[in-house]
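Report on the structure
Below are the chains, spelled out letter by letter.
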Amino acid sequence: MAAEELPPPEATEQWTPVPAVIAAPTGSVPSDAIVLFDGRNLDAWEPVRSGEPGWKIKDGAMVIVPNPKPCDQRTKIALGDIQLHLEFRTPAKIEGSGQGRGNSGIYFMGLYELQILDSWHNETYVNGQAASIYKQQPPLVNVSRPPGEWQTYDVVFIAPRFVADGRLTSPACMTAFHNGVLVQYGAALCGPTVFRGVPCYAPHAAKLPLVLQDHRNPVAFRNIWVRELTLPEAKP
Ligand code: MG
């Protein structure tokens, strides 16, 4: 097509809506983030079973406290579509093997687990290693650091959508970076994480608390924040 037959450049310019202006200064969280843990207190968290102990703060990190009955911790707020940043450290002293070594996890909406595990020279099933969507999707690569070192997860989690009669219209979806490296790309989840059997969706609220797993290993966490996402509707 000749240039003179093309529409003017302005025809494909979009001027509104103007994206919100936020700040992301070096070394601090984005200005529109909700800080879930900054090393000072556990105010954003509660045990999933009331009456059970919370976790402790040690050297600015949130640490799982050994408990005869493991007790996960959840956010007091409910979350749906989010960007999450979280740093974790598996114990420096190697104890146990496979799934018993530095195991924890992030349960988005309390249902969909991104695995935390010490996967430094630690063989286990690949859809259960660090950065796997547990029992569903292995990570693209294993970029685990040695035990005792801090590691990062940066995750985009999109909640599943259900219609009024309970039918699933779009599955939960996850993109994740482990230590800055892409490990999950637009992975569609088959349903909530299950240890045995095949996952199966059941309708639930649009927002639910984020849960950190107590798997009896003293994994530590720091610098946890989320940004709630408002995504554009899919274009037809
Ligand atoms: Mg786990």
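Reference entry: report on the structure contained in this document. (Residues numbered from 1 in each chain as written. Predicted model: local features only at pLDDT ≥ 70, side-chain atom pairs only at ≥ 80, totals over all residues. Heavy atoms only, no water.)

The tally for this structure, following the rule as stated, stands at 0 disulfides. Cys-173 takes part in no disulfide bond, and the closest cysteine sulfur, belonging to Cys-190, lies 12 Å away. Here Cys-200 is not disulfide-linked; the sulfur of Cys-190 is the nearest cysteine sulfur, at 11 Å. (Disulfide = S-S within 2.5 Å.)

Our focus in this paragraph is the side chain of Thr-175. Along the chain, Thr-175 falls in strand S12 (residues 173–178). Here the side chain of Thr-175 touches Gly-186 through a polar contact of 2.8 Å, landing on its backbone nitrogen. Setting aside anything within four residues of it in sequence, one finds Thr-175 in contact with Asp-154, Val-155, Val-156, Leu-182, Gln-184, Tyr-185 and Gly-186. (Helix = DSSP H or I, 4+ residues; strand = E, 2+ residues; numbered from the N terminus. Polar contact = N/O pair within 3.5 Å; in protein donor to acceptor, adjacent residues only side chain to side chain. Contact = heavy atoms within 4.5 Å.)

Here we come to the sheet that holds strand S5 (residues 73–79). One open sheet holds the 5 strands; their spatial order is S2-S5-S14-S7-S8, and the pairing between them is antiparallel. Of all the strands in the sheet, just strand S2 (45–47) and strand S8 (112–116) have a single pairing partner and so form its edges. Across the sheet, the mean angle from the axis of one strand to that of its neighbour is 30 degrees, orientation sign disregarded. Judged from the 5 bridges that link them, strand S7 (residues 104–108) and S8 form a sheet pairing that is antiparallel. Looking at the pairing, Tyr-107 lines up with Glu-113 of S8. (Pairing = 2+ DSSP bridges. Axes fitted to C-alpha atoms, helices over the stretch in contact; angles between N-to-C directions.)

By the secondary structure assignment, Phe-177 is in strand S12. Remark: the alpha-carbon pair of Phe-177 and Ser-50, spanning 127 residues in sequence, is separated by 33 Å. If sequence neighbours within four positions are ignored, Phe-177 has contacts with Thr-152, Tyr-153, Asp-154, Leu-182 and Val-183.

What is expected of a backbone is that most residues other than glycine have negative phi and most peptide bonds are trans. Each neighbour pair has its own omega, and for Thr-16 with Pro-17 the value is -10 degrees, a cis peptide bond. Structurally, Pro-17 can be placed in the segment before strand S1 (34–37). Its identity is not glycine, yet Lys-135 carries a phi of approximately 60 degrees, on the positive side. A positive phi angle, close to 45 degrees, is found at Asn-223, a residue other than glycine. Along the chain, the position of Asn-223 falls in strand S15 (residues 220–228).

Our next topic: the packing of aromatic side chains. Evaluated as defined, the whole model comprises 7 aromatic pairs. Pairing Trp-55 with Phe-221 gives two aromatic rings, centres 6.0 Å apart and planes at 15 degrees, and the pair type is stacked. Taken together, the residues Trp-55 in the loop between S2 and strand S3 (56–58) and Phe-221 in strand S15 connect sequence positions 166 residues apart. The pair Trp-55 / Phe-221 is uniform in exposure class, with both members buried. Aromatic pair Phe-88 and Tyr-153: ring centres 4.9 Å apart, planes at 45 degrees, arrangement tilted. Taken together, the residues Phe-88 in strand S6 (residues 82–89) and Tyr-153 in strand S9 (residues 151–158) connect sequence positions 65 residues apart. With respect to class, Phe-88 is no different from Tyr-153; both count as buried. Taken together, the ring pairs connect Phe-108, Tyr-112, Phe-157, Phe-162 and Tyr-201 into an aromatic cluster. (Phe/Tyr/Trp six-rings, centres within 6.5 Å; stacked < 30°, edge-to-face > 60°. Buried < 20%, exposed > 50% of the residue type's maximum accessible area, 1.4 Å probe, protein only.)

Note that every value here comes from positions in space, so none of it alone points to a role or purpose.
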